[in-house]
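Listed below are the residues making up each chain.
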Amino acid sequence: PVAMGAGFGAGLGLALASSAFIGGSFVLKKKGLLRLRGRARAGQGGHAYLREWLWWAGLLCMGVGEAANFAAYAFAPATLVTPLGALSVLVSAVLSSIFLNEQLNVHGKIGCILSILGSTVMVIHAPQEEEVSSLESMAEKLKDPGFIVFAVCVLVSSLLLIFVAGPRYGQSNVLVYVLVCSAIGSLSVSCVKGLGIALKELFSGKPVLKEPLGWVLLVCLVLCISIQINYLNKALDIFSTSVVTPIYYVLFTTAVMTCSAILFKEWQHMVLDNILGSISGFLTIVSGIFLLHAFRDLPFSPSLLPVFLQPGKAHPHPSWSTADRHQSCQHQPLLPSEDKGSQSAEEEEEEE
C-alpha cells in the first residue's frame, strides 16, 4: 500500500498545482497576444507582446508551474508526477473554451473526463519508491548495474536515431525525433529527482555545494534539456502539433516510468492490483490525451450522430401497427422487378 504521508501529499499537491499553473499560463499568454490589434504580431516577427502585462503574467505562471513540478519530484515518485503533467493540457483546453471562446468538441470533453479518471486511478494506486533521502543514497542508486545498462542503451539508441535514422527518416517519420526526446527525457527526470534531493539537503543546512554529484547532475540536466528542446522543435516544425503532442506524451511518460522503476525500484514492493491500477490509469490518460488532441480540429455536428439519436428526427422504422408497413429486406424477392413481371405473365398464360 502507498504511504500517504506528508511527503507524498506535498508531492501530489505540487504536481497538481504545477498542472494548473502551466495550463493557465498558455491561456494568459494567448490572451495577451490576441490583444495586439494593429501591432506587429509575434508570428510576424514583432515583439509588441513584451509590453502586455497578460503575457508577462502567463510567463510568470509558467515559471511557477515549472518550479512546482521540479519540487514535486523531490517528494513524490516520478511515476506519479510525470503522468499528472497531462492535466495541464486539460486545464488549458477547459480555460480556452471559457476565456478564448475556443470550442471544445465532444471528443475533447470525453478526453478531459478520461484524463481526470485516469489521473485519479494513478493517484490511488501510485507506487511507493524506495527511500532516497540523501545524495549518498542517490549515488548508490546510480551505481546499480540495472540502471547503468538502461542508461547505456538510452545513449546508444539516441546516437543511432540522431546520426543514422535522423538523416534518412527524420523528415517522414514522426517517431524518430520524438523517440530521441523521450529517451533523453527519462534521464533528465532522474537528474531533476537528484537535484530536488540536493535542494532539500541544502535547505536543511547540509554542505551540498561541496558534493560533486550535485554539479554533475546539474550539467547532465542542462545537456538533456538542450537535446530535448532541439529535437522537439524539429518534430513540431515538420509535423502537426496534434500528432506530435500525444505521441510525445505517451513515449516520454513510458520512458520515465521505466527509468524510475529501474532506478528507484518503485514497483518492487507493489501488489498486483496496484500494478494493474497504475497501468490502467496511465492507459486511460493516454486515451484521453489522444481524443483531446487528435480530434481537436474535427467539427462535430448532430448530423454525424446515428439517425435515432438526432434531435427532431423521426424514428427510421415505421410503426409495425400500420397497415402499409414495408417488408424487411429478408422477405424481399431475389429476382428483379422485370423478371417478376415476366414470371407473372407466364403464370397467367399457363392458367389460360
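Please read all numbers here as calculations on a predicted model, not as lab measurements.

S.K.: When you look at helix H9 (residues 212-238) in this model, what are you seeing that I'm missing?
M.R.: Within an α-helix, residues lying three or four positions from one another point in the same direction, as the helix has 3.6 residues per turn. Look at H9: 40 Å from first C-alpha to last across 27 residues, which is about the 39 Å you get at 1.5 Å a residue. Among all positions of H9, only Leu213, Gly214, Leu217, Leu221, Cys224, Gln228, Tyr231 and Ala235 are buried.

S.K.: Looking at this structure, I do not really get helix H5 (residues 106-124). What am I missing?
M.R.: With 19 residues, H5 extends 27 Å from end C-alpha to end C-alpha; this agrees with the ideal 27 Å at 1.5 Å per step. The complete set of buried residues in H5 reads His107, Gly108, Gly111, Cys112, Ser115, Gly118, Ser119, Met122 and Val123. The arc that holds the buried residues of H5, viewed along the axis, is 140°, so those residues lie on one side. Exposed residues lying more than 90 degrees from the buried face of H5 are Ile113 and Ile124.

S.K.: I would appreciate a short explanation of the nonpolar core in the present structure.
M.R.: The nonpolar side chains of a soluble globular protein tend to be buried, and buried together. With 57 residues, the main nonpolar core has Leu80, Leu84 and Leu187 as its most contacted residues. Top element by residues in this core is helix H8 (residues 175-203). It accounts for 14 residues. Both domain 1 (1-128) and domain 2 (130-265) contribute no fewer than three residues apiece to this core. Counting ten residues, the second-largest nonpolar core is a separate cluster that includes Met270, Phe282, Val286 and Ile289.

S.K.: Before we go on, may I ask you to explain the UniProt feature "transmembrane region" (unreviewed entry) in the protein in this structure?
M.R.: UniProt feature "transmembrane region" (unreviewed entry): in the numbering of this structure it lies at residues 6-28, 53-75, 81-100, 146-167, 174-198, 213-231, 243-263 and 275-295. Along residues 146-167 one finds 100% helix and 0% strand; the C-alpha atoms at either end are 31 Å apart. Between the end C-alpha atoms of residues 174-198 there is a gap of 36 Å, over a span that is 96% helix and 0% strand.

S.K.: Could you clarify how one ought to interpret the packing of aromatic side chains in this entry?
M.R.: The geometry of an aromatic ring pair comes down to the distance between the two centres and the angle between the two planes. For the structure on display, the rule yields two aromatic pairs. Between Tyr177 and Tyr231 the ring centres are 5.6 Å apart and the planes differ by 35°, which places this aromatic pair in the tilted class. Residue Tyr177 is found in helix H8, and its partner Tyr231 is found in helix H9; the two are separated by 54 residues along the sequence. For the pair Tyr177 and Tyr231, a shared accessibility class is recorded, and that class is buried. Over the face of the ring belonging to Phe264 we find Lys193, whose NZ or CZ atom lies 5.8 Å from the ring centre.

S.K.: How do you make sense of a nonpolar patch on the surface when you look at a structure like this?
M.R.: Among the surface-exposed residues, Ile148, Val152, Val156, Leu159, Leu160, Phe163 and Val164 lie close enough to one another that they form a single nonpolar patch of about 650 Å² accessible area. Counting through the fold element by element, Leu160 comes out in helix H7 (residues 145-169).

Definitions and cut-offs
- Numbers given for residues are sequential positions, taken from 1 along each chain in its written order.
- Totals for whole chains, interfaces and linings use all residues, but because this is a predicted model, local features are given only for residues with pLDDT of at least 70 and pairs of side-chain atoms are given and counted only at 80 or more.
- Calculation of side-chain values draws on the structure's entire complement of heavy atoms; hydrogens and water are dropped beforehand.
- Here a helix means four or more residues in a row that DSSP labels H or I, a strand means two or more in a row labelled E, and each is numbered from the N terminus.
- Multiplying 1.5 Å by the helix residue count minus one yields the expected span of that helix.
- Note on classification: 1.4 Å probe, protein chains only; a residue is buried when its accessible area is under 20% of the maximum for its type, exposed when over 50%, partly exposed between these limits.
- Summarising the geometry, the arc corresponds to the directions from the helix axis toward the C-beta atoms.
- Here, nonpolar core means buried Ala, Val, Leu, Ile, Met, Phe, Trp, Tyr and Cys residues that are tied together by side-chain atoms lying within 4.5 Å of each other.
- The source of the domain bounds is an automatic or database domain assignment.
- UniProt positions are given in the numbering used here, feature names are shortened, and annotations may be inferred rather than shown by experiment.
- What counts as a ring pair is set by centres within 6.5 Å for rings of Phe, Tyr and Trp (its six-membered ring), and what kind of pair is set by the plane angle: stacked under 30 degrees, edge-to-face over 60, tilted for all other angles.
- Two conditions define a charge located above a ring, namely a distance within 6 Å from the ring centre to NZ of Lys or CZ of Arg, and an angle within 35 degrees of the ring normal.
- For patch building, the residue pool is restricted to those with more than 30% relative accessible area and no salt bridge; the joining distance is 9 Å between like charges and 5 Å between nonpolar side chains (Val, Leu, Ile, Met, Phe, Trp, Tyr).
- Every accessible area reported is derived by Shrake-Rupley at a probe size of 1.4 Å, with residue values counting cover from the shown protein chains alone.
- Definition used for salt bridges: Asp or Glu carboxyl oxygen within 4 Å of a side-chain nitrogen of Lys or Arg.

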